[in-house]
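Single-letter residue listing:
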Amino acid sequence: MSRQAHNSWVVLSPPFSARSEARRAFREHALRLAALVASDADDDAMDDALEEARDSVRKQDRSTKLVAALSILTDLARQRWLVRVSDAGDVEVQRPAGERLDPRREKARIRNQELVKRNEQLREPATRKFIESVISSRAPQLSVYSLLRDGRELAASLREVRALPRDKRADALRAVVDPYLQFVDSDERCAQTDLRLQDIWRYFRHTWTNQYVSTPGRTMAFLVRDRSQRHHPVIGIGALGSPIVQIRERDAWIGWHPDAFMEFVTESPSAELGVWLTKTIDTAVNEIYVSDLYAEDLLSAKDLHAPTAKVVERLIAYGDEQREKHHRFVNSPEMKRELKRERDDRTDHWRARAESHLYKSKRALTLADMLRSRIVLRKYLSRAPTLDEVKQLLQSADGSSMVKKVLRKAKADRVGIAMADITVCGAVAPYSPILGGKLVSMLAASPEVVDAYQRRYLEQESEIASSMAGRPIVRPSELVFLGTTSLYGIGSSQYNRLYMPAELIGGRPGERLEYLEIGRSEAYGTSHFTKGTVDALVKMVQQSSNGQRVNSIFGEGVSPKLRKLRDGLDQLNFPTDALLQHGRERIVYGVPLARNLREYLLGMDASPDYIFSAADPKAGTAAISSWWMDRWLSPRIESDEVLAQVERHATVRDGRYLMHGACVRLPSVEELQPALFDDINL
């Protein structure tokens, strides 16, 4: 789709009758928003307009569809989409155009998108109560403010180091800033403050420009602390999380996007490919619980080894039927309570999961795919595949389709365990002006983080794989790739040119531990819609004849929020794809940690060949910290402007930290908080 098409006007035609109160209210709200956008009004004005639009319609005429439609229109206006009412009376919107011609305006627009949701969260009573609980001091607990470093003291110490000869700076800098990693466990407490580490991490996360959200799947948070000071102040925070399953740019770079993979194997076919295909299919079939499928006469043990097209058709029909039952009968809160009870009592837990409607469907459809792949495989390959047989397989339409299916299965087995996304990464004041963000970024890819991740999930039973198998399945937890994206699409100084020689952490000469720019993500997603809008759409879908199709149950599918928005926008008869194009491209970064990255991710190699030494993980952290001081910190302190930025983050002796940029600023407070996660122009 061209840029012009992306920025064209699109019509919003909600299913309201021509002369209804709802249509009148929708059109009048559009006119009000058009004026507010033109005058560059703030979010409060947008919220007032939304409330007035709802109140203008009698309660009996205020349908869930109208509330959802008004909310969507308001969210778009908040993000400076243009709004108008045509001569024919149609409401039309247009995504912001031309912002990228002015990087500062583009950053301001994206920042505004994020602040809308962050401030919405900070207004919640539970969030405010949490913040109050950690900023107050009560024996033996110290306030979280004790973990803030006074910028005036830090700047003065760095000026003293700057006065030294360069060959004397290394030891002096270590006395001023001495970083170490601390991993967050839910119940562990800080030795200096008696605060829970989880609460410390969460508090500083609330200072970010974007809202704090918990994510399903694997997650591991960490703090970067400074042991040079009494209370070990926080330098920065980070977190790894389960990766987004599909990112075209990342998958193409790794080589396991279907098109890229097919191009590679077609140009370089080998008999080993046939062995890998057979092994992957065999493993997949063996890890599917089939006892109930036998009992229902859907297939027999013989059908697993010598499948037929009829068996595949039966499994597909059964899978579709079970998926429909899942949507029809599932009750999300009730199901989650049941699953928690099962988790407390491990007896037959995974078998009960396997026999739910959701996993009956997933098992039947996956088994159908693998048995169909086995039929194709046996059509072309012998028990000991030859190069000619593999070439013939790849040249056939059914063979090519089968290879892509097997590739998707191999990817699914590894994507959530051998890969992670860096979901949070950055420094807090006063360390941000001295490029503490680059230190946190490199430590996120350190041997100590990789080791901690492996230890945390060493015996972790895979949620989906175990539910499919009806028994515990434990996958290897060896990270070989980290991915992340920039906050802005016009550059991210935190990750730009960020690398260090791998030789410093036990690697080979000439190799690097490096953040690589591997593409730009599509400007597509849900970030421009608020929680209130999503809730309104969910309520509307629940009241429809089809009921709720997305239940936010782990294993039901990727991106529940996106699917909820799609369902709701479709019911409103809005142009779904056009409205989900938020216009925010992001730079996609990847950090390969192993030399045999693709081979390990595909299951061809049994173990990763890391580019660093894992023998002494803490030594790796010390080496990365020393490299950061030499490469980034030492040159940075030459700037008077940088040190002036550092000393602005001052603490006050009576315990009030109003001047410090690492304080959470609630929306009701008038002072503006510095954007701690904004990129720093170098």
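This text follows the structure it describes.
Cut-offs applied
- Residues numbered from 1 in each chain as written.
- Predicted model: local features only at pLDDT ≥ 70, side-chain atom pairs only at ≥ 80, totals over all residues.
- Heavy atoms only, no water.
- Helix = DSSP H or I, 4+ residues; strand = E, 2+ residues; numbered from the N terminus.
- Buried < 20%, exposed > 50% of the residue type's maximum accessible area, 1.4 Å probe, protein only.
- Pairing = 2+ DSSP bridges.
- Axes fitted to C-alpha atoms, helices over the stretch in contact; angles between N-to-C directions.
- Contact = heavy atoms within 4.5 Å.
- Patch = residues over 30% accessible without salt bridge, like charges linked within 9 Å, V, L, I, M, F, W, Y side chains within 5 Å.
- Areas by Shrake-Rupley, 256 points an atom, 1.4 Å probe, with all protein chains shown as cover.
- Salt bridge = Lys/Arg side-chain N within 4 Å of Asp/Glu carboxyl O.
- Lys, Arg positive; Asp, Glu negative; His and termini not counted.
- Charge placed at Lys NZ, Arg CZ, Asp CG, Glu CD.
- 1 Å grid on protein atoms, 1.4 Å probe; cavity = no way out; pocket = protein on both sides within 12 Å on 5 of 7 lines; lining within 4 Å.
- Points joined across faces, edges and corners; volume = space filled by probe spheres on them.

Q: How should I be thinking about unusual backbone geometry in this particular structure?
A: Negative phi characterises most residues that are not glycine, and trans characterises most peptide bonds. A cis amide bond links Ala429 to the next residue, Pro430, at an omega of 5°. Its location among the elements puts Pro430 in the loop between strand E7 (419-427) and helix H21 (436-444). In this structure, Asp40 is a non-glycine residue whose phi angle is positive, near 60°. Assignment of secondary structure puts Asp40 in the loop between helix H2 (21-38) and helix H3 (43-55). For Asp40, a relative accessible area of 56% puts it in the exposed group. Although it is not a glycine, His232 adopts a positive phi angle of roughly 55°. Assignment of secondary structure puts His232 in the loop between strand E5 (219-226) and strand E6 (234-241). Among the residues examined, His232 registers a relative accessible area of 17% and is labelled buried.

Q: Before we go on, may I ask you to explain the sheet that holds E5 in this structure?
A: To summarise the sheet geometry, strands pair through backbone hydrogen bonds and adopt either a parallel or an antiparallel arrangement. Judged by pairing direction, the sheet is mixed, and its seven strands sit side by side in the order E4-E5-E6-E7-E8-E12-E11 without closing on themselves. Looking at strand neighbours, the two that pair on one side only are strand E4 (179-183) and strand E11 (516-520), the edges of this open sheet. This sheet shows a mean twist of 30° between the axes of neighbouring strands, independent of strand direction. In terms of strand pairing, E5 meets E6 through seven bridges, oriented antiparallel. Bridge pairing in E6 places Arg225 opposite Val234. Contacting E4, E5, E6 and E7, helix H9 (residues 197-205) runs over the sheet at an angle of about 100° to E6. The strands touched by helix H22 (residues 447-456) within the sheet are E4, E5, E6 and E7, with E5 carrying the most contacts at an inclination of about 140°.

Q: Which parts of the structure should I look at to understand the environment of Thr366?
A: Positionally, Thr366 belongs in helix H18 (residues 357-380). Separated by 81 residues in the primary sequence, Thr366 and Val285 place their C-alpha atoms 8.6 Å from one another. Beyond its immediate chain neighbours, meaning those up to four positions away, Thr366 contacts Ile288, Lys409 and Met468.

Q: Is there a simple way to explain the sheet that holds strand E1 (residues 10-12) in this structure?
A: Spatially, three strands are ordered E1-E3-E2 in an open sheet, and the strand pairing comes out antiparallel. Strands at the two margins of the open sheet, each flanked by one partner only, are E1 and strand E2 (82-85). This sheet shows a mean twist of 30° between the axes of neighbouring strands, independent of strand direction. The pairing of E2 with strand E3 (residues 91-94) spans four bridges and is classified as antiparallel. Among the inter-strand pairings, Arg84 is bridged to a residue of E3, identified as Glu92. Sitting on the sheet, H2 is in contact with E1, E2 and E3, with an inclination near 135° to E2. Its contacts with the sheet put helix H4 (residues 64-78) on E1, E2 and E3, and the angle it makes with E3 is roughly 35°.

Q: What should I look at first to understand a negative patch on the surface in this one?
A: Taken together, the side chains of Asp42, Asp44, Asp48, Glu51 and Asp55 define an acidic patch exposed on the protein surface. For Asp55, a relative accessible area of 52% gives the class exposed.

Q: What am I meant to see in empty space enclosed by the protein here?
A: The method is simple in principle: a probe with the dimensions of a water molecule rolls over the atoms, and the space it marks as empty is what remains. Taken as a whole and assessed by the stated rule, the structure comprises three cavities of 30 Å³ or more. Estimates place the volume of the second largest cavity at around 50 Å³. If you go around the second largest cavity, the residues you meet are Leu12, Pro14, Arg23, Phe26, Arg27, Gly89 and Val91. Ranked by the residues each element gives to the lining of the second largest cavity, the list is headed by H2, at three residues.

These figures capture arrangement, not role.
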